[in-house]
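Geometric and topological summary
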Amino acid sequence: MNAKERARNRWKLLANTVSKKCQDQIFASQISYDLFNIECINTEWSKYSSCVQNNNFSAIVCRSPIIVTPEELMGFNNTGNVRIWPSEEVLAYYVLSNLDSFRDKTVLELGGGMSCLAGIMAALYGFCSDVHLTDGNPNSVYNVERILEKNVFTTKVTCSVLKWDQRPANVCHYDVVLAADCLFFDEARDDLVHTIAASLSFGGVALVAAPKRGTTLYEFINMAQQEGLICTVQQNYNTLVWERHSKQVLYNPSYDADSHYPLLISITKATKVIDCQFQ
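Residues numbered from 1 in each chain as written. Predicted model: local features only at pLDDT ≥ 70, side-chain atom pairs only at ≥ 80, totals over all residues. Heavy atoms only, no water.

**Some thoughts on the packing of helix H2 (residues 86-97) against helix H3 (residues 117-125)**
As a reminder, the rule being used: All axes here are fitted lines through C-alpha atoms, helices being fitted over the stretch that makes contact, and every angle between N-to-C directions spans 0 to 180 degrees. Under the scheme used here, helices are H or I runs from DSSP no shorter than 4 residues and strands are E runs no shorter than 2 residues, and both carry numbers assigned from the N terminus. Roughly parallel means an angle under 35 degrees; roughly antiparallel means over 145; roughly perpendicular covers 65 to 115; every other angle is labelled oblique. Crossings are sorted by hand: turned counterclockwise from the far helix by less than a right angle, the near helix makes the crossing left-handed, and turned clockwise it makes it right-handed. For this analysis, residues touch if any pair of their heavy atoms sits within 4.5 Å.
At their nearest, the axes of H2 and H3 sit 8 Å apart, and the two run at 20° to each other. One element, H2, and the other, H3, form an angle in the roughly parallel class. Handedness of the crossing formed by H2 with H3: right-handed. Contacts between H2 and H3 pair Glu 88, Glu 89, Leu 91, Ala 92, Val 95 and Leu 96 from the former with Leu 117, Ala 118, Met 121, Ala 122 and Tyr 125 from the latter.

Structure, rendered in structure tokens:
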């Protein structure tokens, strides 16, 4: 199968996930856990808000103007410009539910797509010491720059293009590394593991939210273990998210938990490979 055929197959898979009306309403979700209220400001900008533990949080987010074609999926990952995926919403909600874990921490988001929603929420409300938002796609990073200009931060926040297959000479180490739904492409998985291992400080934690999607998640875990990382996989990591997931299982016949429900992998550094622990 050549690169163009692979791109078209990936696009068909994405097309099954994204409803047609998402072309005009990119924030609309065919599968959603309704963790955020999305208030349309205009055709480009929306207010993403949520009430967590009786506290209200919000961010102004814009959609990418890029229309993704199958050809544009070739050579690099453009899925982050399609929409905000359920795993991104879940990880952002998890951040808001655990803000104390981000206080005075340095935070890196990998593969944040057009919104870097989890990193944005950490920067707005986590009292972090520094937040750096990244994606491998320059169009996504440009969109994130626009979001940074639109919101008001008291924390230092920066963004840049970061391609996982490139090894910079000087690597910063972060207390927290965030990644949502970054396991989609087989060929990028090993580079993601190396990037996490290189970027994560000892004593820090990487939080990766992603569905199982067959063996995809477990292949990533195996690679992480071979890199000397400890992985803890959680299925029920947030009460509300689990309740919403359970309702989908019961009442939505089109809901495929294997493809949709994000598990949460907590990753820490170790000096030797340790078996992945399941909770």
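**Points about the pattern of salt bridges**
Note the following rule: By salt bridge we mean one thing: a side-chain nitrogen of Lys or Arg within 4 Å of a carboxyl oxygen of Asp or Glu. Only protein chains enter the area calculation, which uses a 1.4 Å probe; residues under 20% of their type maximum are buried, those over 50% are exposed, and those in between are partly exposed.
Under the definition given, this model contains 5 salt bridges. Asp 181 is the salt-bridge partner of Arg 213, the closest N and O atoms lying 2.7 Å from each other. In this pair, Arg 213 is assigned in the loop between strand E8 (200-210) and helix H6 (216-226) and Asp 181 in the loop between strand E7 (174-180) and helix H5 (186-199), connecting sequence segments 32 residues apart. Overall, Arg 213 belongs to the partly exposed group, its relative accessible area being 23%. The salt bridge involving Glu 219 is made with Arg 189; its shortest N-O contact spans 2.7 Å. Pair noted here: Glu 219 is in helix H6 and Arg 189 is in helix H5, with a separation of 30 residues, a long-range link. Taking relative accessible area as the criterion, Glu 219 reaches 32% and is therefore assigned partly exposed. Among the charged side chains, a salt-bridge network with shared partners connects Asp 186, Arg 189 and Glu 219.

**Quick notes on the packing of aromatic side chains**
This is how the line gets drawn: Only Phe, Tyr and Trp rings take part, Trp by its six-membered ring, and two of them pair if their centres are within 6.5 Å. Stacked means planes under 30 degrees apart, edge-to-face means over 60, and tilted covers everything else. We call a charge positioned above a ring when the Lys NZ or Arg CZ atom is no farther than 6 Å from the ring centre and deviates by at most 35 degrees from the ring normal.
Using the criterion set out here, one finds 9 aromatic pairs in the structure. Aromatic pair Phe 57 and Tyr 125: ring centres 4.8 Å apart, planes at 75°, arrangement edge-to-face. Remark: Tyr 125 occurs in helix H3 and Phe 57 occurs in strand E3 (residues 55-62); sequence separation between them is 68 residues. On the basis of relative accessible area, Phe 57 is assigned to the buried category, the value being 9%. Judged by centre distance (6.1 Å) and plane angle (15°), the ring pair of Tyr 237 and Tyr 261 falls under stacked. In this pair, Tyr 237 is assigned in the loop between strand E9 (229-234) and helix H7 (239-251) and Tyr 261 in the loop between helix H8 (257-260) and strand E10 (263-269), connecting sequence segments 24 residues apart. The class of Tyr 237 is buried, set by a relative accessible area of 10%. Accessibility expressed as a relative area gives 4% for Tyr 261, which makes it buried. Counting every residue linked through ring pairs, the aromatic cluster contains Tyr 33, Tyr 94, Tyr 237, Trp 242, Tyr 255 and Tyr 261. Looking at Arg 103, its charged tip hangs above the ring of Phe 127, at a distance of 4.6 Å from the centre. The ring of Trp 45 is capped by Lys 150, whose NZ or CZ atom sits 5.0 Å from the centre of that ring.

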